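Structural features, examined
Okay, here's what each chain looks like letter by letter:
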Amino acid sequence: MNQNSQLELKNSSFCVRFDPATGGVTHLFLQADSHGMNWAQGEAQWGTPAPIPSAVHVSSDNSQSSCDGYSVRQVSFRDGCLRAVYQSNLVTVTALRDFSPNGNFRERYTIQNHTAAPVFLPRGSFGIYTTFNDNYQDIQTCLTQRCHTHLWCGGQVSYVCALRMSGQGPHLGLMLTQGSLEGYSVIRQEEKSSNDRGDFSLCPGLLTLAPGESVQLEWELFPHAGREDFYRILMQYPHMIHIQAEHYTLFPGEPLRLRAQCASPIGQAQVRALDTQIPFTVQDNLLLVDATLPQLRGEVSISVTINGISTWLRVNFCPDYSHLLDARTRYIGENQQFHGENSPLDGAYLIYDTQEHYQYYNAQFADHNAGRERLAMGVVMARRLQHSPDDRLYASLMEYAAFVERELFDRNTGVVYNDALRNNNWHRNYNYPWVAAFFIELFHLTGERDCLYKMALCMKGYYRHGGAEFYAIGMPMVDSIQALRQEGMEKLAGELLALYREHGNRILKNSIFFPAHEVAYEQSIVTPALAILLQLYELTGEDAYWQEIQRQMPLLEAFAFTQPDCHLYEIAIRHWDGYWFGKRMQYGDTFPHYWSVLSADVFARYARLQKGNGCGDYARRAQEILRGNLCLFFEDGGASCAYLHPIQVNGRKGEYYDEWANDQDWALYYAEKWLAEAQSQSK
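Residues numbered from 1 in each chain as written. Predicted model: local features only at pLDDT ≥ 70, side-chain atom pairs only at ≥ 80, totals over all residues. Heavy atoms only, no water.

Details of the overall build of the protein
The line we're drawing: Helix numbers and strand numbers start at the N terminus; a helix is a DSSP run of H or I with at least 4 residues, a strand a run of E with at least 2. As defined in this context, the radius of gyration uses C-alpha atoms, and a globule is described by 2.2 Å times the residue total to the power 0.38. Classification of residues uses two cut-offs on accessible area relative to the type maximum, computed with a 1.4 Å probe and protein chains only: under 20% is buried, over 50% is exposed, and between them is partly exposed. Any two residues whose heavy atoms approach within 4.5 Å are treated as being in contact. Accessible areas in this description were obtained via Shrake-Rupley with a 1.4 Å probe; residue shielding takes into account the shown protein chains only. Residues scored as charged are limited to Lys and Arg (positive) and Asp and Glu (negative), so that His and the chain ends carry no count. Charge placement uses NZ in Lys and CZ in Arg. For Asp and Glu, CG and CD serve respectively.
Of regular secondary structure, the protein possesses 15 helices and 35 strands. Radius of gyration (C-alpha) of the protein: 26 Å, near the 26 Å computed for a compact globule of 683 residues. Seen along its three principal axes, the alpha-carbon backbone of the protein occupies a region of about 80 × 55 × 55 Å. Evaluated residue by residue, the protein yields a buried proportion of 60% over its 683 residues. For the protein, the share of sequence-separated contacts (at least 6 apart) that also reach a separation of at least 24 residues comes to 65%. Working note: accessible area of the protein is about 24,700 Å², and carbon and sulfur atoms make up 47% of it. Taken together, the 55 basic and 75 acidic charged side chains of the protein have centroids lying 3 Å from each other.

Regarding the environment of Ala520
Topologically, Ala520 is positioned in the loop between α9 (490-510) and α10 (523-540). The exposure class of Ala520 is buried, given its relative accessible area of 18%. For the pair Ala520 and Cys458, spaced 62 residues apart in the sequence, the C-alpha separation amounts to 27 Å. With residues up to four places along the chain from it excluded, the contact list for Ala520 reads Tyr136, Gln137, Asn195 and Ile525.

Examining the pattern of salt bridges
Close approach of charged atoms allows side chains with opposite charge to pair. Filter applied, for reference: A side-chain nitrogen of Lys or Arg and a carboxyl oxygen of Asp or Glu constitute a salt bridge if their distance falls within 4 Å.
Enumeration over the complete set of coordinates arrives at 51 salt bridges. Between Asp665 and Arg328 there is a salt bridge, and its shortest N-O distance comes to 2.6 Å. A residue pair is termed long-range when its members are at least 10 positions apart, and Asp665 in helix α15 (residues 665-682) and Arg328 in helix α3 (residues 321-336) qualify at 337 residues. Classification of Asp665 as buried rests on a relative accessible area of 0%. Between Glu557 and Arg621 there is a salt bridge; the shortest N-O distance is 3.0 Å. Pair noted here: Glu557 is in helix α11 (residues 543-557) and Arg621 is in helix α14 (residues 615-628), with a separation of 64 residues, a long-range link. Each member of the pair, Glu557 as well as Arg621, is classed as buried. Salt bridges sharing partners connect three or more residues here, namely Arg227, Glu557, Glu570, Asp617, Arg620 and Arg621.

Quick look at unusual backbone geometry
In this chain, Gly169 is followed by Pro170 through a cis amide linkage whose omega measures 5°. Its place among the elements puts Pro170 in the loop between β14 (157-164) and β15 (171-178). The omega angle of the peptide bond from Phe591 to Pro592 is 0°, so this bond is cis rather than trans. A positive phi angle is found at Glu655, which is not glycine, with a value near 55°.

Here's the deal with the side chain of Glu441
By secondary structure assignment, the location of Glu441 is in helix α6 (residues 431-446). Given the relative accessible area of 2%, Glu441 is considered buried. For Glu441, the contacting residues outside a window of four places in its chain are Val379, Ala382, Arg383, Gln386 and Tyr669.

Considering the sheet that holds strand β29 (residues 351-353)
Applied cut-off: Paired strands, in this sense, are two strands between which DSSP finds at least two bridges.
With antiparallel pairing, the three strands of this open sheet are ordered in space as β30-β29-β35. Looking at the sheet topology across the chains shown, the edges are occupied by β30 (358-360) and β35 (660-661). Pairing of β29 with β35 involves two bridges; the strand directions are antiparallel. The partner of Tyr352 across the bridge, within β35, is Ala661.

What to know about the sheet that holds strand β25 (residues 281-283)
Put simply, the rule is: Geometry is summarised by axes, namely lines fitted to C-alpha atoms with helices restricted to the contacting stretch, and by angles between N-to-C directions that run from 0 to 180 degrees.
Taking strand neighbours across the sheet as the criterion, the four strands line up as β20-β22-β26-β25 in an open arrangement whose pairing is antiparallel. Either end of the sheet is taken by a strand with one partner, and the two such strands are β20 (241-245) and β25. Within the sheet, the average angular offset between the axes of one strand and its neighbour, ignoring direction, is 25°. Inspection of the sheet shows β20 paired to strand β22 (residues 256-262) by five bridges, in the antiparallel sense. Looking at the pairing, Gln244 lines up with Arg259 of β22.

Examining the packing of α6 against helix α8 (residues 477-486)
What counts, and what does not: In this scheme, a crossing is called left-handed if the near helix is turned counterclockwise away from the far one by less than a right angle; it is called right-handed if the turn is clockwise. Residues are grouped as follows: nonpolar covers Ala, Val, Leu, Ile, Met, Phe, Trp, Tyr, Cys and Pro; charged covers Asp, Glu, Lys and Arg; every other residue, Gly included, is treated as polar.
Look at α6 against α8: their axes get within 10 Å of each other, and the N-to-C directions meet at 35°. Pair α6 / α8 crosses with left-handed handedness. Here Ile440, Phe443 and His444 of α6 lie close against α8, whose contacting residues are Asp479, Ser480, Ala483 and Gln486. Considering only residue class, the contact of α6 with α8 consists of three nonpolar, three polar and one charged.

A few points about the nonpolar core
Basically, it comes down to this: Residues belong to one nonpolar core when they are buried, are Ala, Val, Leu, Ile, Met, Phe, Trp, Tyr or Cys, and are joined through side-chain atoms within 4.5 Å.
Core analysis: the biggest nonpolar cluster contains 223 residues, and Leu28, Tyr136, Tyr159, Tyr521 and Trp666 have the highest contact counts within it. For this core, the element with the most residues is α10, which contributes 11 residues. For Tyr159, the contacting residues outside a window of four places in its chain are His150, Leu151, Trp152, Leu174, Met175, Phe230, Tyr231, Leu234, Met240, Phe561, Gln563 and Pro564. Grouped together as the second largest cluster of nonpolar side chains are five residues, Ile351, Phe581, Ala642 and Trp660 included.

So, the state of the cysteines
Where we set the bar: The term disulfide is used for any two cysteine sulfur atoms that are within 2.5 Å.
With the rule as written, the count across this model stands at zero disulfides. Take Cys15: it sits in no disulfide, and the sulfur closest to it among the cysteines is that of Cys81, at 17 Å. Overall, the relative accessible area of 4% leaves Cys15 in the buried class. Its sulfur unpaired, Cys641 is 12 Å from the next cysteine sulfur, which belongs to Cys631.

Shown next as structure tokens:
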């Protein structure tokens, strides 16, 4: 160990530096990484205890260092192991950091009750910081110096797969080797808004410690080359159970099919959901389940225990999406449409509080207004009525269409407004393709060619206002050209296709160096680029688009992972929408957030166009993303704009569906679009 201003441990795989005052990790480098990325950079220090809310005593002894609510009692080094001791008024935490015999970086934590009374630490009140470097800056920094952090706290089988944002290795993995983790909490700097995911703390379940009693947590960190290599390394640990389900969201009548692969020979085993024992078989050291479970409804945690090691998966036993669509559109028509003679909001679909049962509108906060993402309600309504006629809902939709044309769209200029009263204090390019999609769906419902003229005018307005430089969500390129050609409107189709080509050429020029939008870098910057390229390839067959698609796909895939949970499986990371769109205005990981369906849209298009092997896997992944988002919709037709996933964020409780039905209906639109196609192809 070298000791200068910092302490350091090195081997052939890692270089780890520590703060000599706290023993926390300040730098974690992979020796094979030519970019020299620090994987352990945050506001807190990696490996230090996260504070216990409302129960933290910080020593008043100024001779003692402090570490986020814990006093630092000792930092020492002996025989290649760094030892740090932290103390609160309830527990003493002893951390040992060294290299394991296989060369992995190992951390061992002992949490001991040092009081004369029992100590109860509820789930989420204790954790260890693992400050993976997960934040958004300029694109060059993101691609080489930042990672997407995919956490799975599944009891005794818990792990983290951190993927460099470029998708290019080496990457970093973490595997729990002793103890149990049951979730994670986040501390984030809210002044950094949407661009910093925060500092993670990995949390055990409820700890009940008698005086002097202790529990242990231990994990190892290792380099890996990507998804397959990550799981290959995990399967070298004897307690690893790799669970894979056919679907994590099940429709009525669909069986639960899963396989659990164990690193050790399978002996005693049990699969259980609530009070239900689920039958299984064992073949070739695989635990297999194929069972129809009509008694289960909603989100269910299914425990899997093999050889005394317990973990779980979460499955949503969900109504069919067509039922959800019907219930949701009825709910919108009955609860979310504003009626007020002489009001600019007359006919608008507004936010609805599903708990306290009232409509909400705020012209001063753009994500609470009557335009923007809430156009999804009109698009979904028009889509639903194409195959399920309903006179009352049709009348509701016509009132909404009148609102859009009166307040949000100028058919003389093609300008799309940000809110009612033709308010364009924020001239937002995102709004244009959503209005265009609305007119396309209205055309398919009514057959009125004038809808296509308005759509084309809208798209031309988008490009007049700098749209070719912008990566807008939901660009309806194929849908617009096909509809125009269907009606023999070839001149308009040619004009739009020329504009689309210009847009695609800008994306080709930028390649993977994506421009910042409302967030510096995010999944919904990468997905529009890919969706535009895929649609242009479908419309033109030009190889330049396909080659660029291949370059950009790894960046999109890095946003998600395959944790065995309907909230997480292939769901892209987003961590700010609960603040901007939710009633509780809380930052933090939203799993799922409905814009994760943009990845499904890309994967589905890619599968349809891909030549050769692998297209089926992308189609399957698209379907799982679409299914996973259906948990945002409820049987009565209510909905939630986001699910806040961590146990806590900045001390505020998480793990809840936000009460507002706001902008989430784009998930239902894409589900209806692609799941219907997938089901028709499977018949």
